[in-house]
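Read off the chains here:
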Amino acid sequence: MGKAADWLREERRNVLGHWTAFCVECGAARRWFEDSEHEVPEACSCGGAILRRCPACEAPFSSTFAVECEECGGQLREPVLLGMRIRREK
């Protein structure tokens, strides 16, 4: 991607949140800032666990639709949620 896309991505993170967290059961998501990570709940209202860092390497992730860690490649969750694929196949 070009410099314009990088700038837009960074600006969006500064407004909406640097990283994302999601429920592994229902897919509910929220963005969080580095200085407010402690405010992200451990569990969702559905009872599922909220994942905000890779279980293998502790790296945060930037996409709500992540199924693999950007840093180590470890699996974050199954690629299908509620009967639908989370990401399109390449």
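Here goes a summary of the coordinates provided. (Residues numbered from 1 in each chain as written. Predicted model: local features only at pLDDT ≥ 70, side-chain atom pairs only at ≥ 80, totals over all residues. Heavy atoms only, no water.)

Quick word on the packing of aromatic side chains
Argument step 1. The full count for this structure, using the stated rule, is 1 aromatic pair.
Argument step 2. On the numbers, 5.1 Å between centres and 40 degrees between planes, the contact of Phe-22 with Phe-61 is tilted. In this pair, Phe-22 sits in strand S1 (residues 19–23) while Phe-61 sits in the loop between strand S3 (50–51) and strand S4 (80–81), placing the two residues 39 residues apart along the sequence.
Argument step 3. Judged by its relative accessible area of 0%, Phe-22 falls in the buried class.
Argument step 4. Between the NZ or CZ atom of Arg-77 and the centre of the ring of Phe-22, over which it lies, the distance is 3.6 Å. (Phe/Tyr/Trp six-rings, centres within 6.5 Å; stacked < 30°, edge-to-face > 60°. Helix = DSSP H or I, 4+ residues; strand = E, 2+ residues; numbered from the N terminus. Buried < 20%, exposed > 50% of the residue type's maximum accessible area, 1.4 Å probe, protein only. Lys NZ or Arg CZ within 6 Å of the ring centre and 35° of its normal.)

Points about the environment of Glu-78
Argument step 1. Locating Glu-78 in the fold gives a position in the loop between S3 and S4.
Argument step 2. On the accessibility criterion, Glu-78 (55% relative accessible area) is exposed.
Argument step 3. As for Glu-78 and Ala-59, which are separated by 19 residues in sequence, their C-alpha atoms are 18 Å apart.
Argument step 4. Of note is the side chain of Glu-78, whose polar atom sits 3.4 Å from the side chain of Gln-75. (Polar contact = N/O pair within 3.5 Å; in protein donor to acceptor, adjacent residues only side chain to side chain.)

With respect to the nonpolar core
Argument step 1. The biggest cluster of nonpolar side chains holds 8 residues, and these are Phe-22, Leu-51, Cys-54, Ala-59, Phe-61, Ala-66, Cys-69 and Leu-76.
Argument step 2. Ignoring sequence-local partners within four residues, the contact set of Cys-69 consists of Cys-54, Cys-57, Ala-59, Gly-74 and Leu-76.
Argument step 3. Among the nonpolar cores identified, the runner-up in size contains 7 residues, and Trp-19, Cys-23, Val-40 and Cys-44 belong to it. (Core = buried A, V, L, I, M, F, W, Y, C linked by side-chain atoms within 4.5 Å. Contact = heavy atoms within 4.5 Å.)

Here's the deal with unusual backbone geometry
Glycine aside, negative phi is the norm for most residues, and most peptide bonds take the trans geometry.
Argument step 1. The phi dihedral of Glu-58 is positive, around 70 degrees, even though this residue is not glycine.
Argument step 2. Looking at the element boundaries, Glu-58 is found in the loop between S3 and S4.
Argument step 3. If you check the backbone angles, Leu-82 has positive phi at about 55 degrees while not being a glycine.
Argument step 4. With respect to the helices, strands and loops of the structure, Leu-82 is situated in the loop between S4 and strand S5 (84–85).
Argument step 5. Judged by its relative accessible area of 68%, Leu-82 falls in the exposed class.

Observations concerning the sheet that holds strand S2 (residues 29–32)
Whether parallel or antiparallel, the strands of a sheet pair through hydrogen bonds between backbone atoms.
Argument step 1. Spatially, S2-S1-S3 is the arrangement adopted by the 3 strands of the open sheet, whose pairing is antiparallel. Only two strands of the sheet have a single neighbouring strand rather than two, namely S2 and S3.
Argument step 2. Examined bridge by bridge, S1 and S2 share 4 bridges and lie antiparallel to one another. Looking across to S2, one finds that Ala-21 is bridged to Arg-30. (Pairing = 2+ DSSP bridges.)

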